[in-house]
Amino acid sequence: MASPVRWILWTLLVCFAALQNAALRVTMRESSLEAVRGDSVLLPCSFFTSSDFSRLNVIWTLAPSSSPGSPVQVIVYDHGQVIKNPSLIGRVDFTGLPFSADIMLNETRVSDGGIYRCMVNNPPDTADPGVGELLVSVLEPPSLPVCEWDGASDVGGSVRLSCSVEEGVPTPEIRWEKVNPEEISLPINMEGELSGSVQIVNVSSQTSGLYRCSATNVLGTENCYINLAIYNSEAAPGGPPGVLPGVLLTLVMALVLLALLAIILWLHRTGQDGRSRRRRRDRKAEEEECYNEIRYTPSLMKRSFV
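Residues numbered from 1 in each chain as written. Predicted model: local features only at pLDDT ≥ 70, side-chain atom pairs only at ≥ 80, totals over all residues. Heavy atoms only, no water.

Student: How do you make sense of the packing of aromatic side chains when you look at a structure like this?
Tutor: Both the distance between ring centres and the angle between the ring planes are used here to describe each pair of aromatic rings. The full count for this structure, using the stated rule, is two aromatic pairs. Measuring from ring centre to ring centre gives 5.7 Å for F53 and F99, while their planes differ by 85°; the resulting arrangement is edge-to-face. With F53 in the loop between strand 4 (46-48) and strand 5 (57-64) and F99 in the loop between strand 8 (92-94) and strand 9 (103-105), this residue pair connects regions lying 46 residues apart in the sequence. Judged by centre distance (6.2 Å) and plane angle (75°), the ring pair of Y77 and F94 falls under edge-to-face. Of this pair, Y77 sits in strand 6 (residues 72-78) while F94 sits in strand 8, and the two are 17 residues apart along the sequence. Each member of the pair, Y77 as well as F94, carries the same accessibility label: buried. (Phe/Tyr/Trp six-rings, centres within 6.5 Å; stacked < 30°, edge-to-face > 60°. Helix = DSSP H or I, 4+ residues; strand = E, 2+ residues; numbered from the N terminus. Buried < 20%, exposed > 50% of the residue type's maximum accessible area, 1.4 Å probe, protein only.)

Structural data, given as C-alpha cells:
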C-alpha cells in the first residue's frame with residue numbers, strides 16, 4: 001500500500017512543479033500580412049501562460065524595411081502601463097490585453113512596413129520561445145508618372161522618351177507604347193527601378209504619333225503621354241512643307257508694295273510742292289505788275305492836265 005501512495009504523491013508533486021515552471025508560449029497566427037496605405041491592420045500575437053498577469057510584460061518592435069538593422073520600439077505593456085512610440089501615438093494600441101498581445105495599426109504608411117517582433121514575459125513562467133515574428137508589407141498604388149522627351153525631331157534625327165515614377169509598392173512596372181495611329185509596344189531601357197526610357201533613331205514622319213508610359217502594380221495603373229511630331233528641317237515646325245517659303249515670299253511682296261507706295265507718296269508730294277512754288281511765283285509776278293501800273297498812272301494823269 002505504501003508504495004502506490006508514494007507513487008501517486010510523487011506524480012502529483014512532479015505535475016505541480018511542472019505547472020509552476022511551465023514554459024510561456026508565444027504564437028503568431030499569421031506569418032505575413034499586407035495592408036494598403038491608409039488602411040488599418042491587426043497584428044496578431046497570442047500567448048499561453050500558467051501564471052497570473054500581475055507581472056506581464058509585452059514589447060512590440062519593428063525592424064523597418066528601409067533599415068532592418070535598426071529596430072525601433074513600437075509599443076510596450078509593462079505592469080499595467082502602456083508606453084507608445086511618440087511617432088505612433090494615435091495610430092497604435094493593444095486590443096486584447098491581458099489575454100492576447102494583439103495590436104491595431106491605423107492609417108498605415110509605407111514606412112510601417114518591415115518585420116514586427118512580439119516579445120512576451122510573465123514571470124515566473126519561462127519563454128520557450130517568448131518571441132514571435134510577423135512580416136508586414138504596406139502597399140501603395142503608383143504615383144502619376146512624369147513623361148519627357150529630348151533630341152532632334154527633324155527627319156533622320158534621334159529622339160529619347162523618358163518616364164519616371166516616384167512612388168509605388170510593390171515597385172511599379174514601367175512600359176512604353178505607341179497608341180496612335182496604331183498601338184505598338186516599345187522596348188524599354190530601365191534606369192533604376194522607377195525610371196525607364198526609349199531611344200528612337202532615324203525618325204521619320206511615320207514616327208509621329210501619341211506615346212504612352214504606364215506605371216503598373218497590383219493596386220492600379222497610372223499613365224502619362226507625349227505627342228511627338230516629326231517634321232522636315234526645311235518646313236516650319238508643326239506645319240506642312242512649303243509653308244516657310246510661302247511666308248517669306250509674302251513678306252517680300254509686302255515690303256515691295258510698301259516701297260512702291262512710299263515712292264508714289266513722295267512723287268505726289270514733290271509735285272504738289274512744285275505746283276505750290278509756281279503758283280507763288282505767278283502770284284508775285286502779278287502783284288509786281290499791278291504795282292507798276294499803279295505807280296505810273298499818276299504821272300500820266302499829270303501830263304494830261306498840262
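Here the narrative resumes.
Student: What should I look at first to understand the side chain of S195 in this one?
Tutor: Among the secondary structure elements, S195 is positioned in strand 18 (residues 195-200). Polar contacts involving the side chain of S195 include one to the main-chain carbonyl oxygen of C163, which spans 3.3 Å. (Polar contact = N/O pair within 3.5 Å; in protein donor to acceptor, adjacent residues only side chain to side chain.)

Student: What's the story with the sheet that holds strand 13 (residues 146-151) in this structure? I'm lost.
Tutor: Paired through backbone hydrogen bonds, the strands of a sheet run either parallel or antiparallel to each other. Strand order across the open sheet formed by four strands is 13-14-18-17, with antiparallel pairing between neighbours. The strands lining the two open edges of the sheet, one partner per strand, are strand 13 and strand 17 (189-190). By the bridge criterion, six bridges tie strand 14 (residues 159-164) to strand 18 in an arrangement that is antiparallel. Within strand 18, the position partnered with S164 by the bridge is S195. (Pairing = 2+ DSSP bridges.)

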